Amino acid sequence: MYGTGEAMCPHRLVLEHVTSRWGVLVLIELLDRPHRFSELRRAIGRVSEKMLTQTLQTLERDGLVHRDAKPVIPPRVDYSLTGLGREAAEQVRALAAWTEERMADVERARLRYDEARASAARAS
């Protein structure tokens, strides 16, 4: 399924877009309902206007997000998930839920790792 070298590049790029820091949050947020840009930015938090714009454009180009610009004054733009985007967002949300459920295990593993590294450093 996942090739190597040049053949994998398209898959890798989409995976990077979907699992990027802001891509994950955009997809999960849009699962509930369409958002205007400012709503989405507030809901995600700590994302610059530039990064959110780039993320939305990338996800739109990949066919995951739909941009609906309404010809009104002031201009109104809504972002929503396409069918493909909904599929991706559900997968990403499942991974996010898993990380939340298993965070205590991850923290214990990190602590064991750090303690073992510190012990090895002291023994050297």
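Structural data are supplied above this passage.
Since the structure is predicted, the reported quantities are computational estimates derived from the model, not experimental observations. (Residues numbered from 1 in each chain as written. Predicted model: local features only at pLDDT ≥ 70, side-chain atom pairs only at ≥ 80, totals over all residues. Heavy atoms only, no water.)

Novice: Honestly, the pairing of strand 2 (residues 65-70) in this entry has me stumped. Any pointers?
Specialist: Working note: regular strand, side chains alternate between the two faces of the sheet. In this sheet, strand 3 (residues 76-81) lies alongside strand 2 in antiparallel orientation, the contact comprising 6 bridges. Across the sheet, residue Val65 finds its bridge partner in strand 3, namely Leu81. With antiparallel pairing between neighbouring strands as the criterion, strand 2 and strand 3 make up a hairpin whose turn holds 5 residues. (Pairing = 2+ DSSP bridges. Helix = DSSP H or I, 4+ residues; strand = E, 2+ residues; numbered from the N terminus.)

Novice: Before we go on, may I ask you to explain the nonpolar core in this structure?
Specialist: Formed by 22 residues in total, the largest nonpolar core has its most connected members in Val26, Leu52 and Leu56. Within the residue set of this core, elements represented by two or more residues are helix 2 (21-32), helix 3 (37-44), helix 4 (49-61), strand 3 and helix 5 (83-123). Examining the composition of this core, we find that 6 residues originate from one element, helix 2, more than from any other. Setting aside residues up to four positions removed in sequence, Leu52 forms contacts with Val26, Phe37, Leu40, Arg41, Ile44 and Val47. (Core = buried A, V, L, I, M, F, W, Y, C linked by side-chain atoms within 4.5 Å. Buried < 20%, exposed > 50% of the residue type's maximum accessible area, 1.4 Å probe, protein only. Contact = heavy atoms within 4.5 Å.)

Novice: Please clarify how the packing of helix 2 against helix 4 should be interpreted in this entry.
Specialist: Axes are the key here: two packed helices are described by the angle between their axes and the distance separating the axes. The N-to-C vectors of helix 2 and helix 4 enclose an angle of 70°; their axes lie 10 Å apart at closest approach. Judged by the angle between their axes, helix 2 and helix 4 are roughly perpendicular. Where helix 2 approaches helix 4, its residues Trp22, Gly23, Val26 and Leu27 are matched on the opposing element by Met51, Leu52, Thr55, Leu56 and Leu59. Of the residues contributing to the contact of helix 2 with helix 4, the split by class is 7 nonpolar, 2 polar and no charged. (Axes fitted to C-alpha atoms, helices over the stretch in contact; angles between N-to-C directions. Parallel < 35°, antiparallel > 145°, perpendicular 65-115°, else oblique. Nonpolar A, V, L, I, M, F, W, Y, C, P; charged D, E, K, R; others polar.)

Novice: Before we go on, may I ask you to explain helix 5 in this structure?
Specialist: Each α-helix turn comprises 3.6 residues. Residues three or four places apart therefore point the same way. End to end, helix 5 covers 56 Å across 41 residues, agreeing with the expected 60 Å (1.5 Å per residue, within 8%). Its axis deflected by about 60° at Arg102, helix 5 carries its strongest bend there. Of the residues making up helix 5, those classed as buried are Gly85, Ala88, Ala89 and Val92. On the buried face of helix 5, the contacting elements are helix 1 (9-19), helix 2 and strand 3. (Expected span 1.5 Å × (residues − 1). Bend = angle between axes of the 7 residues up to and from the residue.)

Novice: What's the story with the sheet that holds strand 2 in this structure? I'm lost.
Specialist: Note on sheets: strands pair through backbone hydrogen bonds, and any given pair is parallel or antiparallel. Reading across from one edge, 1-3-2 is the order of the 3 strands in this open sheet, with antiparallel pairing throughout. Of all strands in the sheet, those with a lone pairing partner are strand 1 (35-36) and strand 2, marking the two edges. Where strand 1 meets strand 3, 2 bridges bridge the pair, whose relative direction is antiparallel. Within strand 3, the residue paired with Arg36 across the bridge is Asp78.

Novice: How do you make sense of the packing of helix 2 against helix 5 when you look at a structure like this?
Specialist: Orientation of helix 2 relative to helix 5, taken along the N-to-C sense of each, is 110°, at an axis distance of 9 Å. Relative to helix 5, the element helix 2 lies roughly perpendicular. Mapping the contact onto sequence places Val24, Leu27, Ile28, Leu30 and Leu31 in helix 2 and Gly85, Arg86, Ala89, Glu90, Val92, Arg93 and Ala96 in helix 5.

Novice: Help me out: how do you make sense of the pattern of salt bridges in this one?
Specialist: Working definition: two side chains of opposite charge can pair if their charged atoms are close together. In the structure shown here, the tally under the stated rule is 7 salt bridges. Here Lys70 and Asp78 are joined by a salt bridge, their closest N and O atoms 3.7 Å apart. Assessed through its relative accessible area of 11%, Asp78 is described here as buried. In this structure, the salt-bridge partner of Arg108 is Asp105, at a minimum N-O distance of 2.3 Å. Taken together, the residues span about one helical turn, with Arg108 and Asp105 both in helix 5 at a distance of 3 residues. A single network of salt bridges, built from pairs that share partners, joins Asp68, Lys70, Arg76 and Asp78. (Salt bridge = Lys/Arg side-chain N within 4 Å of Asp/Glu carboxyl O.)

Take it as geometry only, folks, not as evidence of what the structure does.
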